[in-house]
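Below are the chains, spelled out letter by letter.
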Amino acid sequence: MLTFAIASLVLIMMPGPDQALVTRNALVGGRAGGLLTALGGMLGTTVHAGAAALGLSALLVTSATAFTALKIVGVVYLLWLALSMLASSRRPQGEDATPPVETQVAWKYLRHGFLSNALNPKVALFFVTFLPQFLSSSTESPRAEALLLSAVFALLYISWFGLYATAVERLGHWLRQPKVSARIEQLTGIGLIAVAARLATSSH
């Protein structure tokens, strides 16, 4: 369990689309925006982790059609999200104060995190190959143990990005300056396009 926790935390802390989205939304919506994005990302990974534990993700391994279909949807969503952020970076920036997060906007942040992971078949394949390495050979219930490991991963995920969103909020006064904020929007958009391109060119 300790080895799994350490390995999971290292993987969670590695820079990637989750970090980019949490950073961007924490700047736009404050700590609440970052936490909601992190919560959505956790739910997205939990879908794949749970599916891997139950054996459902094996469909993506054995079916090229299922893998390709989910990949196309994921690429389209990431590109749409990236273009939206690039367009936002060109609009005039307001004051650096954090606006309150309304219900409709809150759902948007949650959706950003959830769909970016839930629609990525590579996240599913990651859990298919990652979880089994930490299952005990003497366990009487490998499915229950896999679900427990999935829960540990989710807890580590939300804990790390919760701290990360708080740190971004503390630096928010400087990061929300119009020029800095616009540059972060641009970098996030470009980063998501790169992720989409990598996903689009990935093979089953």
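Computed from a predicted model, the values in this text were never measured in an experiment.

Caption draft 1: Molecular detail of the overall build of the protein. Within the protein one finds 9 helices and 0 strands. Evaluated residue by residue, the protein yields a buried proportion of 43% over its 204 residues. Across the protein, contacts joining residues at least 24 apart in sequence account for 86% of those joining residues at least 6 apart. Accessible surface, the protein as shown: approximately 10,700 Å² in total, 68% of it carbon and sulfur.

Caption draft 2: Geometry of the UniProt feature "transmembrane region" (unreviewed entry) in the protein. Look at the UniProt record and you will see "transmembrane region" (unreviewed entry) annotated at residues 36–61, 68–87 and 146–167. The span residues 68–87 is 100% helical and 0% strand by assignment, and the distance between its end C-alpha atoms comes to 28 Å. Here residues 146–167 is 100% helix and 0% strand, with 32 Å between the C-alpha atoms at its ends.

Caption draft 3: Summary view of the packing of helix α1 (residues 2–13) against helix α7 (residues 142–170). The contact between α1 and α7 brings their axes to 10 Å, and the two run at 45 degrees. Considered as vectors, α1 and α7 are oriented oblique to each other. α1 and α7 meet at a crossing whose hand is right-handed. In contact with F4, A5, S8, L9, I12 and M13 of α1, α7 contributes L149, V152, F153, L156, Y157, W160 and F161.

Caption draft 4: Highlighting the nonpolar core. F4, V22, F127, L131, F153, Y157 and F161 are the most contacted members of the largest nonpolar core, which totals 22 residues. It is α7 that provides the largest number of residues to this core, a total of 9 residues. Not counting residues within four places of it along the chain, the set of residues in contact with V22 comprises G34, T37, A38, F161, Y164 and A165. One finds V75, L78, L81 and A82 within the second-largest nonpolar core, a separate group that totals 12 residues.

Caption draft 5: Representation of helix α2 (residues 17–54). Look at α2: only 26 Å from first C-alpha to last across 38 residues, short of the 56 Å you get at 1.5 Å a residue. At G29, α2 is deflected by roughly 145 degrees, the largest bend along its length.

Caption draft 6: Main features of the packing of aromatic side chains. Within this structure, the stated rule accounts for 4 aromatic pairs. Between Y157 and F161, the aromatic rings sit 4.8 Å apart at their centres with planes inclined by 50 degrees, giving tilted as the arrangement. Of this pair, Y157 and F161 both sit in helix α7, separated by 4 residues, roughly a single helical turn. You'll find Y157 and F161 in the same group, each marked buried. Considering the side-chain rings of F161 and Y164, the 6.3 Å spacing of their centres and the 85 degrees angle between planes classify their relative orientation as edge-to-face. One end of the pair, F161, and the other, Y164, are both in helix α7, 3 residues apart, so they sit about a helical turn from each other. Residue F161 shares its accessibility class with Y164, and that shared class is buried. Here a set of aromatic residues connected by ring pairs shows up, and it is made of Y157, W160, F161 and Y164.

The rules behind each value
Numbers given for residues are sequential positions, taken from 1 along each chain in its written order. This being a predicted model, a pLDDT of at least 70 is required before a residue's local features are given, and a value of 80 or more before pairs of side-chain atoms are given or counted; all residues contribute to the totals for chains, interfaces and linings. To obtain the side-chain values, all non-hydrogen atoms of the structure were used and water was disregarded. Put simply, DSSP marks the helices as runs of H or I at least four residues long and the strands as runs of E at least two long, and each gets a number from the N terminus on. Classification of residues uses two cut-offs on accessible area relative to the type maximum, computed with a 1.4 Å probe and protein chains only: under 20% is buried, over 50% is exposed, and between them is partly exposed. Here, residues are in contact when the closest pair of their heavy atoms is within 4.5 Å. Surface accessibility follows the Shrake-Rupley procedure with a 1.4 Å probe radius. Residue values consider only the protein chains on display as shielding. UniProt positions are given in the numbering used here, feature names are shortened, and annotations may be inferred rather than shown by experiment. Orientation is described by lines fitted to C-alpha atoms, with helices fitted over the stretch in contact, and by angles between N-to-C directions that extend from 0 to 180 degrees. Angles below 35 degrees are treated as roughly parallel, those above 145 as roughly antiparallel, those between 65 and 115 as roughly perpendicular, and all remaining angles as oblique. Helix crossings are classified by the rotation of the near helix relative to the far one: an anticlockwise turn of less than a right angle makes the crossing left-handed, while a clockwise turn makes it right-handed. To define a nonpolar core, start from buried Ala, Val, Leu, Ile, Met, Phe, Trp, Tyr and Cys residues and group those joined through side-chain atoms within 4.5 Å. Here the expected length of a helix is defined as 1.5 Å per residue gap, with one fewer gap than residues. Here the bend at each residue means the angle between axes fitted to two seven-residue stretches, the one ending at that residue and the one beginning there. Stacked, edge-to-face and tilted are the three classes for Phe, Tyr and Trp ring pairs, Trp counted by its six-membered ring, which pair at centre distances within 6.5 Å; planes under 30 degrees apart are stacked, over 60 edge-to-face, the rest tilted.

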